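The lines below spell out each chain.
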Amino acid sequence: MRVEEVDLPGVGRKFTIQTQSGDEIVIVVHHSGRRQMLYYEGGADDEPVVALDLTDEEARELGAILSGVLFYPELTGAATTRVAEQAIEWVAIAPGGLVGQRLGDLALPQEAHILAISRGGALLPNPAPETRLEAGDTLVLAGTRQAVDALKSRLVS
Amino acid sequence: MHPAIIHFGLAVALLALGALLAVGTRLPALPLYLLFGVLTANWLDIEQLQPLPDLGLLLLLFSIGLEFGPERLVALSGRAGLWDALALPTGWLLGLALGLDWRAALLLGGVVYISSSAVIARLIIDLNRAAYPESEVVLGVLVCEDMVIAAVLALTAGQTGAAALLASLVLVAGYLLTAHLLGPRLHHRLERLPSEPLLLLGAAFTVGTAELFHAVGASEGIGAFLAGTIVASIGMRERMDTLFGPVRDLAAALFFLAVGARATATLRGIGVDAIGLALGALLLKLPLNYCSGAAGGLGVRGRLLTMLYLIPRGEFTLVLGAIALQDGSTLVSQTAVLMVLLSVPLGALAIQVGPQLTRTIQGRRSAPAAPFRPQHSEQESAPVVRHE
């Protein structure tokens, strides 16, 4: 995959993504926060097959869904999204070990947070400290790269 | 109440009407502001609005410096700008052939050459063309144009003599050098400031620089433009852009209204020569910009669109026209004003119908954006609303 990035003076910033199938996605992030998205099949000289116009809020929501914050496909296993030094990570907890512990007792590293628990196909967002971990849980962690890695190594050991 | 406030109220009411009409008809707003200015020239006293329209021009040039400054050249392809730049010497030679002195001829060259970054960027955004490939080339060409025209403005400084020209060049060099040397330290200091002092500092810096250039006999326009490039070069572009956005939009709308209102007076007694020059200049740029599109790596359709997008003239054309008027060269100033008046609505129309038109010309069957219909699975479940 190839991502190009270019400034559009007076307008904003343009990203061009070449997909594996040879199609092209062009995204313009306007200074105003508006996003425009074009989807070209094949070369970029044709008219786009799809043109989207999104507000800042819509784009963020779409982005979150696409990156799998709300739901992640089984196949990808432990997916990681890196946003500069920040990371979002899905970690399946090891059987035994921490099962049965309350989240509040986990002693989280300072810059790591548990965004959600994925349990039996359902997502429990923003879990309370008294929630107990169950076997088969997957935790959605967010925070600095270091803190998330530290927490992850404890959860899987 | 000061009488100017009543005029201000009338003017913004007119502009609001124009903006509403633009939203309702899905037309861009700028040509409507110009038109309203022309229509109300007889009863709207623009002088009563001063200094807002003039301030609008300075802020417009400041934000162009901010967005279209020299460091943008690195990222964008400059080759497209070379073809386009041929318009400048052509216009200059034309001026000399018409018997103008070198200064007036150079101003005419500038008028023939420069398209309006402010108007074109606005039109590209308003008409949803930002993501298309030709917009990137067009904006790259505009960066080149603004750089060249800043140099032309520096060179036309000092009708009083070589000393003024030298002073203006020394000022430019001084500003650039200071920004280069103190840039990182300034950035560090400014970045920590809250919005309000930053906004006021920016305004003082812009107007102050403009006045400084005016004082040495150069155009205040180049001062405002330079202020913008300096602010961008010390890494304050995004914050300043957000801070100045609303203020600039209001003042710039008043500026375009004032341009329309003043045009009738400037164009009184316009000769065939000025009309011919204006039309000729607009036509001359068409083939050149077609070549710019080609140099930018676009296909035939993209080249045609590049050609159409670069029609609108605006802020710098008027700055050049104003200098020409001061010099007593009414031919150049009338040409400039007429070109803005013609090219903004023409260009807006061209950008609006261009994409459709070029598709027809090219005879390419348009791939209709087929609405995506999801295939429902057998067991349909009600969608979960996560949050609204």
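Reading the values: rules and limits
- Residues numbered from 1 in each chain as written.
- Chains lettered and ligands numbered in written order.
- Predicted model: local features only at pLDDT ≥ 70, side-chain atom pairs only at ≥ 80, totals over all residues.
- Heavy atoms only, no water.
- Helix = DSSP H or I, 4+ residues; strand = E, 2+ residues; numbered from the N terminus.
- Buried < 20%, exposed > 50% of the residue type's maximum accessible area, 1.4 Å probe, protein only.
- Contact = heavy atoms within 4.5 Å.
- Areas by Shrake-Rupley, 256 points an atom, 1.4 Å probe, with all protein chains shown as cover.
- pLDDT = per-residue confidence, 0-100.
- Disulfide = S-S within 2.5 Å.
- Salt bridge = Lys/Arg side-chain N within 4 Å of Asp/Glu carboxyl O.
- Core = buried A, V, L, I, M, F, W, Y, C linked by side-chain atoms within 4.5 Å.
- Axes fitted to C-alpha atoms, helices over the stretch in contact; angles between N-to-C directions.
- Parallel < 35°, antiparallel > 145°, perpendicular 65-115°, else oblique.
- Left-handed = near helix turned anticlockwise from the far one by under 90°.
- Nonpolar A, V, L, I, M, F, W, Y, C, P; charged D, E, K, R; others polar.
- 1 Å grid on protein atoms, 1.4 Å probe; cavity = no way out; pocket = protein on both sides within 12 Å on 5 of 7 lines; lining within 4 Å.
- Points joined across faces, edges and corners; volume = space filled by probe spheres on them.
- Phe/Tyr/Trp six-rings, centres within 6.5 Å; stacked < 30°, edge-to-face > 60°.
- Lys NZ or Arg CZ within 6 Å of the ring centre and 35° of its normal.
- Pairing = 2+ DSSP bridges.

K.L.:
It is not clear to me how the overall build of chain B should be interpreted in this structure. Could you clarify?
P.N.:
Counting its regular elements, chain B contains 17 helices and 0 strands. Counting over 388 residues, chain B shows a buried share of 51%. The long-range share in chain B, meaning contacts at least 24 apart out of those at least 6 apart in sequence, stands at 83%.

K.L.:
Can you walk me through the overall build of chain A in this structure?
P.N.:
A tally of helices and strands in chain A yields 2 helices and 10 strands. The order of helices and strands in chain A, counted from the N terminus, is β-β-β-β-β-α-β-β-β-β-β-α. Out of the 157 residues in chain A, the part that is buried amounts to 39%. When contacts within chain A are restricted to residue pairs at least 6 apart in sequence, long-range pairs at least 24 apart make up 39% of them. Summed over all atoms, the accessible surface of chain A reaches about 8800 Å², with 55% contributed by carbon and sulfur.

K.L.:
How should I be thinking about the confidence of the model for chain B in this particular structure?
P.N.:
Detailed reading of the predicted coordinates is not advisable wherever pLDDT is low. Residue and element names in this part refer to chain B. Averaged over chain B, the pLDDT score is 83; the fraction of residues at 70 or greater is 90%. For chain B, helix α4 (residues 72–75) is the element with the lowest average pLDDT, namely 65, and helix α6 (residues 87–97) is the one with the highest, namely 91. Confidence drops under a pLDDT of 50 for residues 364–381, and excluding neighbours within four residues, the segment shows 7 contacts in the predicted structure.

K.L.:
How do you make sense of the side chain of Thr335(B) when you look at a structure like this?
P.N.:
Residues and elements named next belong to chain B. With respect to the helices and strands, the residue Thr 335 is situated in helix α17 (residues 330–362). With a relative accessible area of 1%, Thr 335 lands in the buried category. Setting aside chain neighbours within four positions, we find Thr 335 in contact with Ala 274, Leu 277 and Ala 278.

K.L.:
Would you mind showing me how to read the state of the cysteines here?
P.N.:
Two cysteines form a disulfide when their sulfur atoms are joined by a covalent bond. Residue and element names in this part refer to chain B. Per the stated rule, a full pass over the model turns up 0 disulfides over all chains. Free cysteine: Cys 291, not disulfide-bonded; nearest cysteine sulfur from Cys 144 at 15 Å. The class for Cys 291 is partly exposed, based on a relative accessible area of 24%.

K.L.:
Would you mind showing me how to read the pattern of salt bridges here?
P.N.:
All names here are of chain A. In this structure the tally under the stated criterion is 22 salt bridges over all chains. The closest approach of N and O atoms between Asp 7 and Arg 13, which form a salt bridge, is 2.3 Å. One salt bridge in this structure joins Arg 35 and Asp 56, with 2.7 Å as the shortest N-O distance. A residue pair is termed long-range when its members are at least 10 positions apart, and Arg 35 in strand β4 (residues 35–40) and Asp 56 in helix α1 (residues 56–67) qualify at 21 residues. Salt bridges linked by common partners bring Glu 89, Arg 145, Asp 149 and Lys 152 together as one network.

K.L.:
How do you make sense of the nonpolar core when you look at a structure like this?
P.N.:
Soluble, globular proteins show a tendency: their nonpolar side chains are buried together. In terms of nonpolar packing, the biggest core is built from 109 residues, with Phe213(B) and Phe256(B) touching the most fellow members. Element by element, the count of residues in this core is highest for helix α9 (residues 133–155) of chain B, at 11 residues. Excluding anything up to four places from it in sequence, Phe256(B) contacts Leu30(B), Tyr33(B), Leu34(B), Leu60(B) and Val119(B). In terms of nonpolar packing, the next biggest core, distinct from the first, is built from 15 residues, Val91(A), Leu106(A), Ala112(A) and Ala147(A) among them.

K.L.:
Sorry if this is basic, but what is going on with the packing of helix α8 (residues 117–126) of chain B against α9(B) here?
P.N.:
Residues and elements named next belong to chain B. Orientation of α8 relative to α9, taken along the N-to-C sense of each, is 165°, at an axis distance of 10 Å. Between α8 and α9, the angle falls in the class roughly antiparallel. The two elements α8 and α9 meet at a crossing, and its hand is left-handed. Contacts between α8 and α9 involve Ser 117, Ile 120 and Ile 124 from the former and Ser 135, Val 138, Leu 139, Leu 142 and Asp 146 from the latter. For the contact of α8 with α9, a count of residues per class yields 5 nonpolar, 2 polar and 1 charged.

K.L.:
What exactly am I supposed to notice about empty space enclosed by the protein here?
P.N.:
Empty space among the atoms can be located by rolling a probe the size of a water molecule over them. Residues and elements named next belong to chain B. Inspection of every chain in the model, using the stated rule, returns 2 cavities of 30 Å³ or more. Roughly 30 Å³ of internal volume is contained in the second largest cavity. Lining of the second largest cavity is provided by Leu 282, Lys 285, Leu 286, Asn 289, Met 307, Leu 310, Ile 311 and Arg 313. Looking at the lining of the second largest cavity, the element that brings in the most residues is helix α14 (residues 272–295), giving 4 residues. Looking at the lining of the second largest cavity residue by residue, the classes come out as 5 nonpolar, 1 polar and 2 charged.

K.L.:
For this particular structure, what's the right way to read the environment of Phe225(B)?
P.N.:
All names here are of chain B. Inspection of the secondary structure assignment puts Phe 225 in helix α12 (residues 220–233). What makes Phe 225 buried here is its relative accessible area of 3%. Sequence-wise, Phe 225 and Phe 68 are 157 residues apart; in three dimensions their C-alpha atoms are separated by 9.3 Å.

K.L.:
Would you explain the packing of aromatic side chains in this entry?
P.N.:
Between two aromatic rings, the relevant description is the distance of the centres plus the angle of the planes. Residue and element names in this part refer to chain B. Within this structure, the stated rule accounts for 5 aromatic pairs over all chains. Considering the side-chain rings of Tyr 175 and Phe 205, the 6.0 Å spacing of their centres and the 45° angle between planes classify their relative orientation as tilted. Of this pair, Tyr 175 sits in helix α10 (residues 162–191) while Phe 205 sits in helix α11 (residues 195–215); the two residues are 30 residues apart in sequence, bridging distant segments of the chain. Taking relative accessible area as the criterion, Tyr 175 reaches 17% and is therefore assigned buried. For Phe 205, a relative accessible area of 29% translates into the label partly exposed. Pairing Phe 225 with Phe 316 gives two aromatic rings, centres 5.7 Å apart and planes at 70°, and the pair type is edge-to-face. Taken together, the residues span a long stretch of sequence, with Phe 225 in helix α12 and Phe 316 in helix α16 (residues 315–327) at a distance of 91 residues. A relative accessible area of 1% means that Phe 316 is categorised as buried. Taken together, the aromatic side chains of Tyr 175, Phe 205 and Phe 213 make up a single cluster linked through ring pairs. It is Arg 129 that lies over the ring of Tyr 132; its NZ or CZ is 3.7 Å from the centre.

K.L.:
I tried to follow the side chain of His7(B) on my own but got confused; where do I start?
P.N.:
Within the fold, His7(B) resides in helix α1 (residues 3–25). With residues near it in sequence (within four places) discarded, His7(B) still touches Leu44(B), Asp45(B), Gln48(B) and Leu49(B).

K.L.:
Even after reading the chapter, I still don't get the sheet that holds strand β3 (residues 24–30) of chain A, so can you show me in this structure?
P.N.:
Whether parallel or antiparallel, the strands of a sheet pair through hydrogen bonds between backbone atoms. Residues and elements named next belong to chain A. Pairing within the open sheet is antiparallel, and its 5 strands lie in the order β1-β2-β3-β4-β5. Of all the strands in the sheet, just β1 (2–8) and β5 (50–54) have a single pairing partner and so form its edges. In this sheet, neighbouring strand axes are inclined to one another by 15° on average, regardless of whether the strands run parallel or antiparallel. Summarising the sheet, β3 and β4 pair through 6 bridges and their orientation is antiparallel. Within β4, the position partnered with Glu 24 by the bridge is Tyr 40.

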